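Chain residues, written in single-letter form:
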Amino acid sequence: QVQLVESGGGLVQPGGSLRLSCAASGTIRRINAMGWYRQAPGKERELVADIRSDTPNYSDSVKGRFAISGDNAKNTVYLQMNSLKPEDTAVYYCRAIVQTLQSPGGITYTYWGQGTQVTVSS
């Protein structure tokens, strides 16, 4: 099994910054992709940013403000969030697409973290 542990959420004023971390552990053979999604009250979960093969991908709403990076040796992904806006308020979830040690033929599984609250408010 694979576990994702997130940290770094909290309350910040508009224009402020936060850094989220997500560490994967367990029976990991290979991580194909890791990223961040968010879900605001009454809205669907949406992609914020992800990274695969060291190539980042961002939603239009966060381009130029957020930066995703990874540490392959630690199976960890980070999300640096700058110039935060009230509309960034949501629960942020880490997602990983993983080949486990038990995966036959390169089959991948998707795992989610428990979520961390980010609130942007004055």
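What you see is a predicted model; the values in this text were computed from it and never measured. (Residues numbered from 1 in each chain as written. Predicted model: local features only at pLDDT ≥ 70, side-chain atom pairs only at ≥ 80, totals over all residues. Heavy atoms only, no water.)

A. Up close: the pattern of salt bridges. Taken as a whole, this structure holds five salt bridges when the rule is applied. A salt bridge links Arg52 to Asp50, with the nearest nitrogen and oxygen atoms 3.8 Å apart. The exposure class of Arg52 is partly exposed, given its relative accessible area of 39%. Taking the relative accessible area as the measure of exposure, Asp50 reaches 9% and is therefore buried. Lys63 is the partner of Asp60 in a salt bridge, and the nearest nitrogen-oxygen pair spans 3.3 Å. (Salt bridge = Lys/Arg side-chain N within 4 Å of Asp/Glu carboxyl O. Buried < 20%, exposed > 50% of the residue type's maximum accessible area, 1.4 Å probe, protein only.)

B. Structural view of the state of the cysteines. Counting across every chain of the model gives one disulfide. One disulfide in the model links Cys22 with Cys94; its S-S distance is 2.1 Å. Disulfide Cys22 to Cys94: torsion about the S-S bond roughly -85°, handedness left-handed. Here the residue Cys22 occupies a position in strand β3 (residues 18-26), and Cys94 occupies one in strand β9 (residues 90-100), the gap between them amounting to 72 residues. (Disulfide = S-S within 2.5 Å. Helix = DSSP H or I, 4+ residues; strand = E, 2+ residues; numbered from the N terminus.)

C. View of the side chain of Glu6. Tracing the backbone shows Glu6 in strand β1 (residues 2-7). Of the side chains with opposite charge, Arg45 lies nearest to the buried Glu6, which makes no salt bridge, at 7.8 Å. Of note is the side chain of Glu6, whose polar atom sits 2.6 Å from the backbone nitrogen of Cys94. A distance of 2.5 Å separates a polar atom in the side chain of Glu6 from the backbone nitrogen of Gly115. What Glu6 contacts, discounting residues up to four positions off in sequence, is Ser21, Cys22, Trp36, Tyr92, Tyr93, Cys94, Gly113, Gln114, Gly115 and Thr116. (Lys, Arg positive; Asp, Glu negative; His and termini not counted. Polar contact = N/O pair within 3.5 Å; in protein donor to acceptor, adjacent residues only side chain to side chain. Contact = heavy atoms within 4.5 Å.)

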